[in-house]
Amino acid sequence: MVVTKEEDCLPPATETPRCYSHSSSTTPLAELETVRSIEIVESSFLSPVWLLVIFCIINLLNYMDRGAIASNGVNGSTRSCNDKGKCTLATGIQGHFNLSNFEDGVLSSSFMVGLLIASPIFASLAKSFNPFRLIGVGLTVWTIAVLGCGSSFAFWFIVLCRMFVGVGEASFISLAAPFIDDNAPQKQKAAWLGLFYMCIPSGVALGYVYGGYVGKHFSWRYAFWGEAVLMSPFAVLGFLMKPLQLKGFPSSDSIKTVRSIEVMASSVGSETSKNNNRLQVGNEIEHDQFEVSIETSKSSYANAVLKSFTGFAKDMKVLYKEKVFVVNVLGYVSYNFVIGAYSYWGPKAGYNIYKMKNADMIFGAVTIICGIVGTLSGGFLLDRVTATIPNAFKLLSGATFLGAIFCFTAFTLKSLYGFIALFALGELLVFATQAPVNYVCLHCVKPSLRPLSMAISTVAIHIFGDVPSSPLVGIVQDHINSWRKTALILTSILFLAAAIWFIGIFINSVDRFNQEETGSENTRRQELSILTP
């Protein structure tokens with residue numbers, strides 16, 4: 001069978017793609033046409049609101065894990081004695097494995113190794129495999145790795161498990177935001193992103209409280225096992241639910257169709273070649289055809305993976321030429337350097353500077369309230385003033401600058417209550433950046449580059465931000481032995497982030513959300529090129 005006209009396969013934009021056979025051929029290609037002629041694309045039962053709810057819960061659990069490992073209940077401390085000879089018992093992970101502050105900081109950052117490696121890989125594979133299924137794979141890895149953390153018998157083993165926690169988280173952070181951006185109402189995109197990223201401070205804060213309680217009343221191991229139990233239903237859902245589609249990418253059905261066409265076309269070509277050769281008998285021909293079909297099927301999947309990685313370099317070149325993306329990420333790196341160290345060392349610094357008896361609970365309460373209110377406010381405010389890239393940069397630079405002033409001043413005070421009041425205002429402003437910064441990442445590139453944009457942004461803010469910040473702050477503290485001075489040095493970096501984002505206001509920017517044909521149209525052209533001799 002030969003498709004003679006492209007119009008025979010390209011339907012109107014609102015209709016399901018169908019191709020109609022012009023002959024009664026019984027070749028594999030004709031059978032494939034029959035299948036495609038009755039193909040029905042069913043919508044997922046998951047509504048946009050439920051998608052947002054589920055993704056928010058998953059994000060909350062991801063960051064609850066980060067908060068739990070930083071809590072005094074799970075992280076703990078080594079055995080120490082004062083001048084009077086009074087000693088405190090070793091507690092938590094640090095006490096169990098007798099870790100220095102540097103090693104403790106490495107433990108916090110170790111999962112980033114897996115995150116940094118896996119994020120661009122998952123983003124590239126999204127062009128060849130359904131992104132929703134990739135999220136399911138990642139959540140499964142995350143669940144198994146967290147179980148391993150709770151069962152650790154040595155420091156190197158828990159470091160290894162933390163790395164695989166990063167691998168599992170990589171698929172979700174690269175692909176979840178584009179899904180939300182696709183399904184959010186046009187005038188509420190920043191607000192929906194705000195709801196999603198609200199789960200970052202909320203999750204960390206919840207982790208402080210959760211880890212502090214479980215670690216104190218049970219064991220630090222139970223905190224990890226509990227997280228795995230909570231995440232496992234969502235890992236299963238990623239495989240059982242009908243996969244959702246992502247703008248700028250071909251549907252899973254279309255990907256399967258193209259691969260089937262390639263396999264069948266190769267099989268037909270093999271059959272013709274063998275019949276012309278006349279050197280094989282009937283049974284041998286059928287056996288060889290079956291082997292060729294299997295090898296071709298394997299080859300089609302291998303080629304899909306290979307194409308994903310060969311296109312990676314080209315996509316990266318496009319990404320790094322986008323000035324808006326580069327400036328946005330540079331500011332985000334500086335910002336995350338501070339926030340990462342705050343989240344890890346905050347409870348310990350508060351305990352030592354202000355003698356907080358319940359540092360986990362106090363920092364958890366302040367962070368969760370300010371995180372929720374600040375992140376939501378940032379998203380709703382950006383929608384209110386009209387969500388554009390320049391407006392996002394204005395909000396980023398202004399909120400960060402004011403937040404830095406309040407946080408810096410807070411650490412200069414000797415009063416606990418004065419510190420809590422000013423630090424809370426600073427966090428409120430600082431967390432207002434979450435929706436705008438990710439809005440810029442999603443809208444400064446074409447739809448097909450959004451997962452890679454999110455992945456590279458994540459890689460950058462971690463490899464140059466919170467990965468080095470935790471151990472570096474530990475080194476500074478070991479050297480100067482003053483948590484107040486260490487906190488002031490750290491907080492001053494927020495002024496750098498505000499200055500970088502201020503530059504972004506003056507860069508010529510274009511919202512590229514609709515600047516690309518849909519993935520399904522690209523796939524149909526691929527099908528035509530294969531079908532047409």
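Not measured: the values here are computed from a predicted model.

A.B. asks: Describe in detail the overall build of the protein, supporting the description with residues and values.
C.D. replies: When helices and strands are tallied, the protein shows 22 helices and two strands. Counting every position in the protein, which comprises 533 residues, the buried fraction comes to 53%. The long-range fraction of contacts in the protein, counting pairs at least 24 apart against all pairs at least 6 apart in sequence, stands at 81%. Within the structure as shown, the protein displays about 23,700 Å² of accessible surface, and the carbon and sulfur contribution to it stands at 64%.

A.B. asks: Tell me about the packing of aromatic side chains, and please be specific about residues and values.
C.D. replies: Throughout the structure, instances matching the rule amount to 21 aromatic pairs. Aromatic side chains Phe153 and Trp156 sit 5.7 Å apart centroid to centroid with 85 degrees between the ring planes, which places their arrangement in the edge-to-face category. Trp156 matches Phe153 in its accessibility class, with the two residues each being exposed. Through a chain of ring-to-ring contacts, three or more aromatic side chains come together here, namely Phe55, Phe172, Phe179, Phe196 and Tyr197.

A.B. asks: With reference to specific residues and values, describe the confidence of the model for the protein.
C.D. replies: Residue-level pLDDT values for the protein average 75, and 71% of them are 70 or greater. Confidence drops under pLDDT 50 across residues 517-533; counting only partners more than four residues distant or on other chains, this segment forms 34 contacts.

A.B. asks: Which residues make up unusual backbone geometry, and what values go with them?
C.D. replies: The phi dihedral of Thr386 is positive, around 85 degrees, even though this residue is not glycine. Residue placement: Thr386 occurs in the loop between α15 (359-384) and α16 (389-410). Here Thr386 falls in the partly exposed class, since its relative accessible area comes to 47%. The residue Asn481 is not glycine, and still its phi comes out positive at about 55 degrees. Along the chain, Asn481 falls in the loop between α19 (450-480) and α20 (483-491).

A.B. asks: Can you break down helix α7 (residues 131-150) residue by residue, with the values?
C.D. replies: In this model, α7 (20 residues) spans 29 Å end to end at C-alpha, consistent with the 28 Å of a helix rising 1.5 Å per residue. When you tally the buried positions in α7, you get 14 out of 20 residues, the bulk of the element.

A.B. asks: Tell me about the nonpolar core, and please be specific about residues and values.
C.D. replies: Generally speaking, soluble globular proteins have nonpolar side chains that are buried together. Ranked by size, the top nonpolar core spans 133 residues in total, and within it Phe55, Ile93, Phe196, Tyr335, Phe393 and Phe423 carry the most contacts. The leading source of residues in this core is helix α14 (residues 323-354), at 17 residues. Residues within four places of Phe196 in sequence aside, it is in contact with Leu52, Phe55, Cys56, Asn59, Phe172, Ala176 and Ile180.

A.B. asks: Summarise empty space enclosed by the protein; cite the residues concerned and give the values.
C.D. replies: Using the criterion set out here, one finds six cavities of 30 Å³ or more in the structure. When its volume is computed, the largest cavity comes out at roughly 630 Å³. Surrounding the largest cavity, 44 residues form its lining, Tyr63, Arg66, Ile200, Asn336 and Asp466 being those nearest its centre. The calculated volume of the second largest cavity comes to roughly 110 Å³. Lining the second largest cavity are 13 residues, and of these Tyr342, Trp345, Ala349, Ala487 and Leu490 lie nearest its centre. When residues of the lining of the second largest cavity are traced back to their parent elements, those giving at least two are α14 and α20. Top contributing element to the lining of the second largest cavity by residue count: α14, with five residues.

A.B. asks: Report on the environment of Leu396, specifying residues and quantitative values.
C.D. replies: Its place among the elements puts Leu396 in helix α16. Residues contacting Leu396, with those up to four places away along its chain left out, are Asn328, Thr433, Pro436, Val437 and Trp501.

A.B. asks: Any details on the pattern of salt bridges? Residues and values, ideally.
C.D. replies: Summed over the entire model, instances satisfying the criterion amount to six salt bridges. For Arg66, the salt bridge is made with Glu169, and the minimal N-O distance between the two is 2.3 Å. Taken together, the residues span a long stretch of sequence, with Arg66 in helix α2 (residues 48-70) and Glu169 in helix α8 (residues 155-183) at a distance of 103 residues. When sorted by exposure, Arg66 lands in the same class as Glu169, which is buried. Among the charged side chains, a salt-bridge network with shared partners connects Asp181, Asp182, Lys189 and Arg450.

A.B. asks: Would you mind going over the packing of α7 against α8 in detail, with residue names and values included?
C.D. replies: Where α7 meets α8, the axes come as close as 8 Å, and the angle between the chain directions of the two elements is 155 degrees. When the interaxial angle is binned, α7 and α8 end up roughly antiparallel. The hand of the α7/α8 crossing is left-handed. Residues belonging to the contact of α7 with α8 are distributed by class as follows: 20 nonpolar, four polar and two charged.

A.B. asks: Report on the environment of Ile117, specifying residues and quantitative values.
C.D. replies: Residue placement: Ile117 occurs in helix α6 (residues 111-125). Judged by its relative accessible area of 55%, Ile117 falls in the exposed class. In this structure, the C-alpha to C-alpha distance between Ile117 and Ala170, residues 53 residues apart in sequence, is 8.5 Å.

A.B. asks: Lay out the state of the cysteines in plain terms, naming residues and giving numbers.
C.D. replies: Scanning all chains against the criterion turns up zero disulfides. Free of any disulfide, Cys199 has its nearest cysteine sulfur in Cys56, 4.0 Å distant. Its sulfur unpaired, Cys370 is 9.1 Å from the next cysteine sulfur, which belongs to Cys407. Among the residues examined, Cys370 registers a relative accessible area of 7% and is labelled buried.

Scoring rules and cut-offs
Residues numbered from 1 in each chain as written. Predicted model: local features only at pLDDT ≥ 70, side-chain atom pairs only at ≥ 80, totals over all residues. Heavy atoms only, no water. Helix = DSSP H or I, 4+ residues; strand = E, 2+ residues; numbered from the N terminus. Buried < 20%, exposed > 50% of the residue type's maximum accessible area, 1.4 Å probe, protein only. Contact = heavy atoms within 4.5 Å. Areas by Shrake-Rupley, 256 points an atom, 1.4 Å probe, with all protein chains shown as cover. Phe/Tyr/Trp six-rings, centres within 6.5 Å; stacked < 30°, edge-to-face > 60°. pLDDT = per-residue confidence, 0-100. Expected span 1.5 Å × (residues − 1). Core = buried A, V, L, I, M, F, W, Y, C linked by side-chain atoms within 4.5 Å. 1 Å grid on protein atoms, 1.4 Å probe; cavity = no way out; pocket = protein on both sides within 12 Å on 5 of 7 lines; lining within 4 Å. Points joined across faces, edges and corners; volume = space filled by probe spheres on them. Salt bridge = Lys/Arg side-chain N within 4 Å of Asp/Glu carboxyl O. Axes fitted to C-alpha atoms, helices over the stretch in contact; angles between N-to-C directions. Parallel < 35°, antiparallel > 145°, perpendicular 65-115°, else oblique. Left-handed = near helix turned anticlockwise from the far one by under 90°. Nonpolar A, V, L, I, M, F, W, Y, C, P; charged D, E, K, R; others polar. Disulfide = S-S within 2.5 Å.

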